[in-house]
Amino acid sequence: MSVIYRRIDSPVGPLLIAGADDGVRLIEFHAPRHPVAPGADWREGDHAVLRTLQQQLQEYFVGKRRRFELPLAPQGTDFQRQVWWELAGIPFGGTISYTELAQRVGRPTATRAVGAANGRNPLPIVLPCHRVIGADGSLTGFGGGLPTKQFLLQLEGALPREVDLFA
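Note on numbering: residues in each chain are counted from 1, in written sequence order. Only residues with pLDDT of at least 70 are given local features in this predicted model, and only at 80 or more are side-chain atom pairs given and counted; all residues enter the totals for whole chains, interfaces and linings. Hydrogens and water molecules were not included; the side-chain quantities draw on all heavy atoms of the structure.

Per an unreviewed UniProt entry, the protein goes by Methylated-DNA--protein-cysteine methyltransferase and derives from Agrilutibacter terrestris. UniProt positions are given in the numbering used here, feature names are shortened, and annotations may be inferred rather than shown by experiment. Turning to the protein, the UniProt annotation filed under Subcellular location (unreviewed entry) states: "Cytoplasm". Of the protein, the UniProt comment under Sequence similarities (unreviewed entry) reads exactly: "Belongs to the MGMT family."

**Student:** Looking at this structure, how should I read helix α1 (residues 48–61)?
**Tutor:** In an α-helix, one turn spans 3.6 residues, which is why side chains three or four residues apart end up on the same side. In this model, α1 (14 residues) spans 20 Å end to end at C-alpha, consistent with the 20 Å of a helix rising 1.5 Å per residue. Every buried residue of α1 is listed here: Val 49, Leu 50, Leu 53, Gln 56, Leu 57, Tyr 60 and Phe 61. Along the long axis of α1, the arc covered by the buried residues comes to 135°, so they all point the same way. Tucked into the core, α1 has its buried residues touching β1 (3–8), β2 (15–20), β3 (23–29) and α5 (146–155). Gly 63 sits one or two positions beyond α1 and adopts a positive phi of about 85°. Numbering goes from the N terminus for both helices and strands, where a helix is a DSSP run of H or I of at least four residues and a strand is a run of E of at least two. Each helix should span, by expectation, one fewer than its residue count multiplied by 1.5 Å. When accessible area is computed with a 1.4 Å probe and restricted to protein chains, residues below 20% of their type maximum are described as buried, those above 50% as exposed, and intermediate ones as partly exposed. By arc we mean the arc of the directions from the helix axis to the C-beta atoms, nothing more. By definition in these notes, contact holds between two residues if any of their heavy atoms fall within 4.5 Å.

**Student:** Looking at this structure, I do not really get unusual backbone geometry. What am I missing?
**Tutor:** The phi torsion of most residues other than glycine is negative, and most of the peptide bonds are trans. Of note in this structure, Ile 125 is not a glycine but carries a positive phi near 80°. Of note, Ile 125 is situated in the loop between α4 (111–119) and β6 (132–133). Exposure remark for Ile 125: the relative accessible area of 1% places this residue in the buried category.

Structure below.
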């Protein structure tokens, strides 16, 4: 099965999006911490799932979408996929800690493993790993960078928007 990809612009910078007939496979920020190298079966082009993803991302960024309705096909281990599916249950505008995420997947002592799986999430924004924060409320690691995480949480109302004193 061929994986089709293309680059799109967004308020958080350029994104690489990829999908196949089974669903969305990848959303990658401009300078990812764990880049995915396109394989031999990848080709640049157009696909209905990418058009739908791009439309829903645009709606999200302008505040018209709180939930994504897409076929998803993230590639990873069973444990990683378990963590990623749990991310989908974090409501728009909400946050949880890594400890709580570990409890939700039934592995309360595996906070580090859950954090590592969270960091390998191939579908950020759609599977909202940005909604996972430190137990003390701090913004911790994010593949798109902490400014992007802050932007997404502010967009969703989970963090207050910074006041621009010079506006």
